[in-house]
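Given next are the chains, with one letter for each unit.
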Amino acid sequence: MNSFLSKLSSLILPLSLSSICFAAEPTTPASTTPPSTTAPAVHSNATIPVGVIDMQRIILSTDEGKEARAALEKEMKGKEDELRKKKEELDKLNKEWKDQAPLLSEEARIRKQQDFQEKLVELRNSEMTFQQQLKQKEGQATQRIAMKVTSMMPEIAKHSPKKVAGIFEVNSSGLVWLEDPVDFTDQVIKKYNETTKADRKKGIENTKSASKTTVNNKM
């Protein structure tokens with residue numbers, strides 16, 4: 001069973017981010033009138049920079065992403081231990097059945113064989129169910145982070161020292177090359193962690209305040 005880290009590292013989530021590329025400003029068409037004595041206007045061919053973020057690195061580097069990964073890996077280890085014990089019991093049952101088969105009646109052999117098959121199917125179903133549950137939790141954790149990051153992008157772009165025309169997620173956008181992109185990844189990770197800590201602190205304060213109010217009302 002692959003670890004959460006290897007699965008998460010290969011996960012690519014499309015984002016609802018702007019992906020508009022601005023072309024260079026068109027130059028003024030050549031004039032048919034004779035040139036004047038004044039200097040001609042200079043037209044810039046520079047493009048507006050484009051921003052990028054690496055969502056995979058954000059998910060793996062934010063505090064929330066690390067916590068989610070650790071929780072899932074802990075859950076996976078516990079389940080793997082449980083499944084391994086069931087498999088060992090099944091192997092023991094199979095060995096006993098083979099050793100006793102020559103001494104058993106046809107009816108007894110069929111019963112033991114059916115019992116073994118039922119336990120084998122149960123084990124396989126348990127493995128499949130756990131893998132599906134783990135995949136669902138992985139998806140929920142990564143999608144939650146991706147949605148928060150997406151909601152942060154307008155503010156990140158607004159306060160950027162360098163104006164950008166749009167922001168791409170480098171893994172899901174299909175980009176092959178950009179000239180001098182503005183990488184917001186580290187900035188997003190820092191801002192995300194700061195926001196998460198502030199939200200948690202506010203939640204703790206609200207809980208304490210609510211508990212204090214409840215106590216006062218009972219007095």
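Residues numbered from 1 in each chain as written. Predicted model: local features only at pLDDT ≥ 70, side-chain atom pairs only at ≥ 80, totals over all residues. Heavy atoms only, no water.

Caption draft 1: Layout of the overall build of the protein chain. Looking only at helices and strands, the protein chain has 5 helices and 3 strands in total. Scanning the protein chain from its N terminus toward the C terminus, one meets helices and strands in the order α-β-α-α-α-β-β-α. Scored against the burial criterion, the 219 residues of the protein chain give a buried share of 26%. Within the protein chain, counting contacts between residues at least 6 apart in sequence, those at least 24 apart form 85% of the total. Accessible area of the protein chain: about 15600 Å², with a carbon and sulfur share of 54%. (Helix = DSSP H or I, 4+ residues; strand = E, 2+ residues; numbered from the N terminus. Buried < 20%, exposed > 50% of the residue type's maximum accessible area, 1.4 Å probe, protein only. Contact = heavy atoms within 4.5 Å. Areas by Shrake-Rupley, 256 points an atom, 1.4 Å probe, with all protein chains shown as cover.)

Caption draft 2: Representation of the nonpolar core. Grouped together as the largest cluster of nonpolar side chains are 17 residues, with contacts concentrated most on Ile53, Met55, Ile58, Val149, Met153, Phe184 and Val188. Breaking this core down by element, the ones donating at least two residues are helix H2 (55–61), helix H4 (106–158) and helix H5 (185–218). Top element by residues in this core is H4. It accounts for 6 residues. Core analysis: the next-biggest nonpolar cluster, separate from the first, contains 5 residues, Leu83, Leu90, Phe116 and Leu123 among them. (Core = buried A, V, L, I, M, F, W, Y, C linked by side-chain atoms within 4.5 Å.)

Caption draft 3: Seen up close, unusual backbone geometry. Phi at aspartate 180 is positive, roughly 50 degrees, even though this residue is not glycine. Along the chain, aspartate 180 turns up in the loop between strand S2 (167–169) and strand S3 (182–183). Relative accessible area serves as the criterion here: at 55%, aspartate 180 is assigned to the exposed category.

Caption draft 4: Quick look at the environment of threonine 185. On the secondary structure map, threonine 185 appears in helix H5. Note: C-alpha distance between threonine 185 and aspartate 54 (131 residues apart in sequence) is 5.8 Å. Those residues in contact with threonine 185 that lie beyond four places of it in its chain are Val52, Ile53, Asp54, Arg57 and Ile58. Polar side-chain contacts of threonine 185 include one of 2.9 Å to the backbone nitrogen of aspartate 54. (Polar contact = N/O pair within 3.5 Å; in protein donor to acceptor, adjacent residues only side chain to side chain.)

Caption draft 5: The sheet that holds strand S1 (residues 51–53), seen in detail. Spatial strand order, S2-S1-S3: 3 strands in an open sheet with parallel pairing. Each of the sheet's edge strands pairs with one partner strand only, and the pair in question is S2 and S3. (Pairing = 2+ DSSP bridges.)

Caption draft 6: Inspection of the pattern of salt bridges at higher detail. Enumeration over the complete set of coordinates arrives at 14 salt bridges. Between glutamate 64 and arginine 144 there is a salt bridge; the shortest N-O distance is 2.9 Å. Placement of the pair is glutamate 64 in helix H3 (residues 63–100) and arginine 144 in helix H4, with a sequence separation of 80 residues. Looking at glutamate 64, the relative accessible area reads 9%, which means it is buried. Put simply, lysine 95 and aspartate 99 hold a salt bridge, and the shortest N to O gap is 3.0 Å. One end of the pair is lysine 95 and the other is aspartate 99, both in helix H3 and 4 residues apart, which spans about a single turn. Take lysine 95: its relative accessible area is 53%, and that puts it in the exposed class. According to the relative accessible area criterion, aspartate 99 is partly exposed, its value standing at 49%. (Salt bridge = Lys/Arg side-chain N within 4 Å of Asp/Glu carboxyl O.)

Caption draft 7: Structural detail: the packing of H3 against H4. Packing of H3 against H4 brings their axes to within 10 Å, and their N-to-C directions diverge by 175 degrees. What the angle tells us is that H3 and H4 run roughly antiparallel. (Axes fitted to C-alpha atoms, helices over the stretch in contact; angles between N-to-C directions. Parallel < 35°, antiparallel > 145°, perpendicular 65-115°, else oblique.)

Caption draft 8: Broad picture of the confidence of the model for the protein chain. When pLDDT is averaged along the protein chain, the result is 78, and 74% of the positions lie at 70 or above. Considering only residues more than four positions removed or in separate chains, one finds that residues 1–45, a stretch of pLDDT under 50, has 66 contacts. (pLDDT = per-residue confidence, 0-100.)

Caption draft 9: Structural context of H4. The first and last C-alpha atoms of H4 sit 79 Å apart over 53 residues, in line with the 78 Å expected at 1.5 Å per residue. The principal kink in H4, of about 35 degrees, is found at methionine 152, preceding the proline proline 154 by one to four residues. (Expected span 1.5 Å × (residues − 1). Bend = angle between axes of the 7 residues up to and from the residue.)

Caption draft 10: Quick look at the side chain of serine 160. Turning to its location among the elements, serine 160 is positioned in the loop between H4 and S2. Among the residues examined, serine 160 registers a relative accessible area of 12% and is labelled buried. Within polar-contact distance, the side chain of serine 160 engages the backbone oxygen of lysine 162 at 2.8 Å.

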